[in-house]
Amino acid sequence: MKKRIVKTKEEWKNILNPQEFYILREKGTEPPFSGKYIYNKDKGIYVCAGCKNELFSSEVKFDSGSGWPSFWDVISKASVELKSDHSLGVHRIEVIYSNCGGHLGFVFDDGPKPTGKRYCINSTSLQFQKKK
Ligand SMILES: [Zn+2]
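Residues numbered from 1 in each chain as written. Predicted model: local features only at pLDDT ≥ 70, side-chain atom pairs only at ≥ 80, totals over all residues. Heavy atoms only, no water.

**Student:** Can you explain the coordination of the zinc ion? Please cite residues and give values.
**Tutor:** Those donors, C48 (SG), C51 (SG) and C100 (SG), are the protein atoms that reach the zinc ion, and they lie 2.1 to 2.3 Å from it. You can call C48 buried: its relative accessible area is 0%. According to the relative accessible area criterion, C51 is buried, its value standing at 13%. (Donors = N, O, S within 2.8 Å, 3.2 Å for Na, K, Ca; no water. Buried < 20%, exposed > 50% of the residue type's maximum accessible area, 1.4 Å probe, protein only.)

**Student:** I'd like a rundown of the sheet that holds strand β9 (residues 126-130), residues and numbers included.
**Tutor:** Sheet strands line up and pair through hydrogen bonds in the backbone, either parallel or antiparallel. Here 3 strands make up an open sheet; going across it, the order is β2-β1-β9 and the pairing antiparallel. The sheet is open, and its two edges are formed by β2 (54-57) and β9, each paired on a single side. Taking each pair of neighbouring strands and ignoring which way they run, the sheet shows an average axis angle of 30 degrees. Pairing geometry for strand β1 (residues 44-48) and β9, over 5 bridges, is antiparallel. Paired with V47 across the two strands is Q127, which belongs to β9. (Pairing = 2+ DSSP bridges. Helix = DSSP H or I, 4+ residues; strand = E, 2+ residues; numbered from the N terminus. Axes fitted to C-alpha atoms, helices over the stretch in contact; angles between N-to-C directions.)

**Student:** For the sheet that holds strand β7 (residues 102-108), give the residues involved together with the corresponding values.
**Tutor:** Strand order in the open sheet made by the 6 strands is β3-β4-β8-β7-β6-β5, with antiparallel pairing throughout. The open sheet has two free edges, formed respectively by β3 (61-62) and β5 (80-85), since each of these has just one partner strand. Pairing between β3 and strand β4 (residues 70-71): 2 bridges, direction antiparallel. Directly across from K61, in β4, lies its bridge partner F71.

**Student:** Describe the pattern of salt bridges, and please don't skip the residues or the numbers.
**Tutor:** Across all of its chains, the model carries 8 salt bridges by this definition. Of the charged contacts, one joins R4 and E81 as a salt bridge, the two residues approaching to 3.1 Å between their closest N and O atoms. Of the two residues, R4 is situated in the segment before α1 (9-15) and E81 in strand β5; the sequence distance between them amounts to 77 residues. Residue classification places R4 among the partly exposed residues on the basis of a relative accessible area of 41%. The residue R92 makes a salt bridge to D85 at a minimum N-O spacing of 3.6 Å. Each member of the pair, R92 together with D85, is buried. (Salt bridge = Lys/Arg side-chain N within 4 Å of Asp/Glu carboxyl O.)

This is the structure in structure tokens:
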């Protein structure tokens, strides 16, 4: 496993734009239907906007109607940490990228087969690399 990327708040601020910093480092959420990748159907790989490591394949992306890009699986299970969150008075499972500790979104149990998972991810946390 790769060494975890540890940076200070200031260092992240230098790398990320304000919107990316807000979501990845301060656990923000972009408004629904505002993200750039919701309707992206191109083939490729989604990497972390912070550390540029692989997260999701376009093969597992699906249209959930939620307003955020949705995936039913991750490229590597070891690459994400799941954490219980009660911040809005509801129980949700937060998805954190273990490589850099970046906040990605939440995972729900109402996704399609075979996993039944719905990773609901901020477009801002992602960067798309089109397959050549
Ligand atoms: Zn990252």
